[in-house]
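# Structure at a glance
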Amino acid sequence: MSLESVFSLPEMLEVWQETLNWQPTNDQQNQLQKLYELVIEANRYVNLTRITEASEFWEKHLWDSLRGVAPKQHFIDSLHPGASVIDIGTGAGFPGLPISIIFPNSQVTLLDSTRKKINFIDSVLTDLALINAKTIVGRVEEIGQEGKHRENYDLAVIRAVGSVSACAEYSLPLVKKGGLAVIYRGSWTKEENQSLENAVHHLGGEVELIDEFTTPLSNSIRHCLYLRKVKHTPVSFPRPVGIPTQKPL
Ligand code: SAM
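Residues numbered from 1 in each chain as written. Predicted model: local features only at pLDDT ≥ 70, side-chain atom pairs only at ≥ 80, totals over all residues. Heavy atoms only, no water.

### What about the UniProt feature "binding site: S-adenosyl-L-methionine" (unreviewed entry) in the protein chain?
The UniProt record annotates "binding site: S-adenosyl-L-methionine" (unreviewed entry) at Gly89, Phe94, Asp112, Ser113, Thr114, Val140, Glu141 and Arg159. In the annotated set above, the residues contributing to the lining of the largest pocket are Gly89, Phe94, Asp112, Ser113, Thr114, Val140, Glu141 and Arg159. Along the chain, the position of Val140 falls in helix α6 (residues 140–143). In this structure, Arg159 sits in strand β4 (residues 153–159). Judged by relative accessible area, Arg159 falls into the buried class, the value being 15%. Setting aside chain neighbours within four positions, we find Arg159 in contact with Lys60, His61, Asp64, Ser65, Ile88, Gly89, Phe94, Pro95 and Tyr184. (UniProt positions renumbered as here; feature names shortened; annotations may be inferred. 1 Å grid on protein atoms, 1.4 Å probe; cavity = no way out; pocket = protein on both sides within 12 Å on 5 of 7 lines; lining within 4 Å. Helix = DSSP H or I, 4+ residues; strand = E, 2+ residues; numbered from the N terminus. Buried < 20%, exposed > 50% of the residue type's maximum accessible area, 1.4 Å probe, protein only. Contact = heavy atoms within 4.5 Å.)

Have a look at this one:
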């Protein structure tokens, strides 16, 4: 189906049903659509996203955020009721805000180093009455060394924040032993496997699954990398601010 031929919300939801074998409840649909409107409104003042057209937003922000963790996917066991989730470098709230809408029983922490983006998310949490989410302004290299966050989350998600080894170093220290980190990527090459395996090994994780898929309207290639935490992460990780990108593992 081409982008031009889709967008009425019912058609979009059919696409979700076909591709995810699931669709949001009516209340959740309304919240997702309201989130779209709030992002577009705020985008006039704060640079939040270049994706502004409705069907593209529903595909590349909403569907994409949820594809990695959607109900009925086999890895969803990490989102049991009460599961703690952290979205690292959440930006305008992706994938963390859709996750908090769809999983009201989870506890979602949205982290970003940019105050303006977190201010926007705080206003969304109020407007959508999302009581299961909270925000933190900070650098993940520092948050990952704080006792109340380190190895505290069942699930860490991270989309479009840096190289794969930096994303592994940002996310795995925050995950509990037995929990999961999901790195959302666009393209992925076999050559990148080696640097991923190497980084993950240093951080107490294992690569559980590299899931390749295409987005349902524009057929763009995506990958989700599922990293299982199997051992405690050595205290030296994450390294100080800037080092994970300057000296990749
Ligand atoms: N995850 C969102 C998405 O996919 O739409 C936003 C991606 S945006 C390209 C990257 C975000 O990561 C920015 O908002 C930036 O402020 C944040 N970021 C980058 N490095 C960070 C760090 N070390 N700690 C916390 N946030 C960081």
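### Focus on the packing of aromatic side chains
Applying the stated criterion to the full structure yields five aromatic pairs. Measuring from centroid to centroid gives 6.0 Å for Trp16 and Trp22, while their planes differ by 35 degrees, and the two rings are tilted. Of the two residues, Trp16 and Trp22, neither departs from the other in class, the shared state being buried. Feature note: the residues Trp16, Trp22 and Trp58 constitute an aromatic cluster, connected by ring pairs. Directly above the aromatic system of Phe213 lies the positively charged group of Arg67, at a separation of 4.0 Å from the ring centroid. (Phe/Tyr/Trp six-rings, centres within 6.5 Å; stacked < 30°, edge-to-face > 60°. Lys NZ or Arg CZ within 6 Å of the ring centre and 35° of its normal.)

### Points about the pattern of salt bridges
Two side chains carrying opposite charge are able to pair once their charged atoms lie near each other. Using the criterion set out here, one finds eleven salt bridges in the structure. Between Arg44 and Glu41 there is a salt bridge, with its nearest N and O atoms 3.1 Å apart. For Arg44, a relative accessible area of 59% translates into the label exposed. Residue Glu41 is classed as partly exposed on the basis of its relative accessible area, which comes to 39%. In this structure, the salt-bridge partner of Lys60 is Glu56, at a minimum N-O distance of 3.2 Å. Separated by four residues within a single helix, Lys60 and Glu56 lie in helix α3 (residues 54–67), roughly one turn from each other. (Salt bridge = Lys/Arg side-chain N within 4 Å of Asp/Glu carboxyl O.)

### Looking at the layout of surface pockets
The computed volume of the largest pocket comes to approximately 750 Å³. Only α3, β2 (107–112), α6, β4, α7 (164–171), β5 (175–185) and β7 (221–229) provide two or more residues apiece to the lining of the largest pocket. Among the residues making up the lining of the largest pocket, the classes are represented as 15 nonpolar, twelve polar and ten charged. (Points joined across faces, edges and corners; volume = space filled by probe spheres on them. Nonpolar A, V, L, I, M, F, W, Y, C, P; charged D, E, K, R; others polar.)

### Quick word on the confidence of the model for the protein chain
Per-residue confidence for the protein chain gives a mean pLDDT of 92; residues scoring 70 or more make up 94%. Among the prediction metrics, the complex's ipTM stands at 0.99, with pTM recorded as 0.95. (pLDDT = per-residue confidence, 0-100.)

### Digging into the site of the ligand
Around the ligand lies a shell of 15 residues, among which Gly89, Phe94, Asp112, Glu141 and Arg159 are the nearest. Backbone polar atom of Phe94 to a nitrogen atom of the ligand: 2.8 Å apart, as the coordinates give it. For the ligand, an oxygen atom lies 3.1 Å from a polar atom in the side chain of Lys117. Assessed atom by atom at 2 Å from the grid points, the ligand resides in the largest pocket. Partitioning the shell around the ligand into residue classes produces four nonpolar, six polar and five charged. (Near = heavy atom within 4 Å. Polar contact = N/O pair within 3.5 Å; in protein donor to acceptor, adjacent residues only side chain to side chain. Sits in = over half its atoms within 2 Å of the grid points.)

### Re the packing of helix α2 (residues 26–42) against α3
Helix-helix packing is characterised by the crossing angle of the two axes and by the distance between the axes. Look at α2 against α3: their axes get within 11 Å of each other, and the N-to-C directions meet at 110 degrees. Looking at the two axes, α2 sits roughly perpendicular to α3. Together, Gln29, Leu32, Gln33, Leu35, Tyr36 and Val39 of α2 and Ala54, Phe57, Trp58 and Leu62 of α3 make up the contact between the two elements. Taken together, the residues that form the contact of α2 with α3 break down as eight nonpolar, two polar and no charged. (Axes fitted to C-alpha atoms, helices over the stretch in contact; angles between N-to-C directions. Parallel < 35°, antiparallel > 145°, perpendicular 65-115°, else oblique.)

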